[in-house]
Structure formats: structure tokens, C-alpha cells
Amino acid sequence: MVKLTADVIAKQTPGHNKRRADESVEHYLSRLTHLPFQNRGIDSIDSIPPCRLLTVIYLYDNILNKIENLNFAENLTHLYLQNNRLQKLENLDYCPKLQKLYLGGNQIQVLEGLDKCMQLKEIYIENQRLPEGEKLVFEPRTLQCLSHVLEVLNVSGNNLDSLVELSCLQKLEELTASNNNLENLRELIQLLSIWSHLKRLDTSRNPMCTKARYRERLIVVSTTLEMLDGKQITDNSRQFLMSWKASREAQTTREKSRPDFDDGSGDYLNHGSIPRQSSFRFDYRRNIIKADLGLVKKGQFPMALVENAHRKMTSRSNKFSGFFASNSFNNSNTNDSNNNPIITFQDPSTQTFFK
């Protein structure tokens, strides 16, 4: 195990930026811009003199279990801490100019402690080694502080079942949330309408990816997306899908405006799209065709009903002359159970029709 100290930096800094033989440690640290100490077995960071020009620190692939003593790098913009043993985000208040933060492969359970990093544009916190059944949690205060600056976020492999907490990230341009437990496609569609700057989205390897028209529905709802699940969205494909959406919406509108003639209520006669003068054929259909089935089978109808139909059809007597000819009825004195006159069709073809 190695502690990162000023002497270790002065002695082991690789590359062309080595310390000169006659140069003091303080002077050497004051001119450093990059600190490449990845994969060195470092487990802690000591108090180090100010490095005012230092902008990038590489500390990935070590065994750090705590973020500490970074106040020596007040102008730090890039911090690489992947694949360590970090369990908590802390002590980053001394890095107000931080722009990119890499935290993948640690044991962090809460994204927090970044409310002072008002220039932070990119966060990579994928694949945290979380306890079984746990998921990554987002501190509301941190998200609110980053809502107007954060542009890139990677939260893949963190057992997430919802992204609704990220809705406040108004400047988000790239979101990677693959390999989670996201099932609610409707929720994602609503979020895409909020993220008006989103250009790249990766939600692959989630349960919702198996839902019908998953890719098409996301492309249609977001006009800014350029890349989805690693595949580019072409202008032709977007135009085709937008036309498809417009066609579907028009069809739905037509179906909703179409009256229901088979609801059994009879209200369709009062529908605004049906002219009153056309109501006769529906009266005829309801009063004659849908009459008592026993009478239909026998070819018998109450006299009042037939006379009513006859009066309405006088204007079309030629068309229905075979149906209501003067010799087609036998006005006998036969009465039904309610003492209503009954007539019987004598036309053999008509009786055959009703049998």
C-alpha cells in the first residue's frame, strides 16, 4: 500500500515532466499540470503543497477507500477515480472548477456532495458494486445544483428501476443508463419530452427494450436524438416515423369521431353527423328488422307499426313496391294478445325471406 505524498510525486512522476535535479519539490509541484498515478497501489492521499496549475489527476485502478486532501488542486478540471474502493462522495468542495468526474467501478450508493461543483459537466458513475437488492440513489440537492450545468451522465449497471429523479437535468445531452431494471417505457417517453437538449441515449439491456416499437416510439417523441442505443438515427428514418405517427393519429381521430351504430341505445340518431332526414331507415331497421323475433318468424306484425312504416315510405313507393304492394297484405280481423290488428304477408318471396 502506498500513500500519495509530495515526495512520491516528485520522485515517481513519469514521462517528460520529471523533476530536474536542482529543482525544489515545491517549485516542481507548482508547475505540474497532470498527475498520472493510476495503478500504483495507492490507498490514501496525504496533504500536499498547492499545485496551482494542476488540472488533471489520474488515480484509477488503485485501492482508495476515501476521497481526501484534494485542496492542493484548486484548479482541477478532470478527476479519474475509477475502480477503487470508494464508498462515499465527499471532500470535493475544494474543486469548484471540476468539469469531469469518473467514478465507475466503486462502491458508491448515493450520488451526493457535488453541490459546490457548479461547473461539473460530465459524471461517470457506472457499475457500482452495490449490496444485493440495492440501487444507486440520487441526492435531490445535488441534482438541483447540477440541473443547469450537467450535460453527460452515465449510470449504467446500477439496478435503477426509474429515471424520473433525473428530470430536473435540463441541459442533459447524453445519458447512458444501460443494463438496469428499467421497465416503464411510458415514463421514458415523458422524460424525453422534458430533455429538450438530449442527443445521445443508451437504455439498452433493460426490460423495456422488448416492448413493441420501443425504438420507433422513442425516436418519434424526441426530435433532438441523434444516437439511440449506439445506433445513429438518420433523417430519412425520422421523417418516415414522423409520417407514420401522423397517419396513426389521424386514423385514431377518425375512429373516435365515427358514431357507434351497434351500441343498442338508439342514441346514434341524435349524433351530429347523422342528418335527421336519414333517420327513417334506422327507424325502419329498429322497428321492423329488430321486431319481436317470434313475429318475424311467423311473418306477422302489428298493423299500427306497418302503417307507420308505410306512411314514411310513400315517397319511395316505387323502390319498395314489391314490399308494400296493395295486394301484399290480408287485413283480417286477427288480433294479437294486446288486441292489436295483425296482418300477414302473402307474398311467398317475402315469407321465405323471414323464415
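Please read these numbers as outputs of a predicted model, since none were measured by experiment. (Residues numbered from 1 in each chain as written. Predicted model: local features only at pLDDT ≥ 70, side-chain atom pairs only at ≥ 80, totals over all residues. Heavy atoms only, no water.)

**A closer look at the sheet that holds strand β10 (residues 152-154)**
- Strands sit in the order β2-β4-β5-β6-β8-β10-β11-β12-β13-β14 across an open sheet of 10 strands; the sheet is mixed. Two strands lie at the open edges of the sheet, namely β2 (34-36) and β14 (231-232), each paired on one side alone.
- Direction of pairing for strand β8 (residues 122-124) relative to β10: parallel, over a ladder of 3 bridges. Bridging from a neighbouring strand, I123 pairs with L153 of β10. (Pairing = 2+ DSSP bridges. Helix = DSSP H or I, 4+ residues; strand = E, 2+ residues; numbered from the N terminus.)

**Looking at the confidence of the model for the protein**
- A residue-level look at the protein finds 72% of positions with pLDDT of 70 or above and a mean pLDDT of 80.
- For the stretch residues 323-333, pLDDT sits under 50, and the model shows 26 contacts to residues farther than four places along the chain or on other chains.
- Taken as a whole, residues 349-355 scores under 50 in pLDDT and shows 10 contacts with residues more than four places along the chain or in a different chain. (pLDDT = per-residue confidence, 0-100. Contact = heavy atoms within 4.5 Å.)

**Concerning the side chain of D43**
- Along the chain, D43 falls in strand β3 (residues 42-45).
- Within the buried core, D43 has no salt-bridge partner, and the shortest N-O distance to an opposite charge, that of K3, equals 7.3 Å.
- Once residues within four sequence positions are removed from consideration, D43 is found in contact with M1, V2, K3, I63, L64 and N65. (Buried < 20%, exposed > 50% of the residue type's maximum accessible area, 1.4 Å probe, protein only. Lys, Arg positive; Asp, Glu negative; His and termini not counted. Salt bridge = Lys/Arg side-chain N within 4 Å of Asp/Glu carboxyl O.)

**Re the packing of aromatic side chains**
- The tally for this structure, following the rule as stated, stands at 4 aromatic pairs.
- Between Y58 and Y80, the aromatic rings sit 4.8 Å apart at their centres with planes inclined by 25°, giving stacked as the arrangement. Of this pair, Y58 sits in strand β4 (residues 56-58) while Y80 sits in strand β5 (residues 78-80), and the two are 22 residues apart along the sequence.
- Here Y58 falls in the partly exposed class, since its relative accessible area comes to 24%. (Phe/Tyr/Trp six-rings, centres within 6.5 Å; stacked < 30°, edge-to-face > 60°.)

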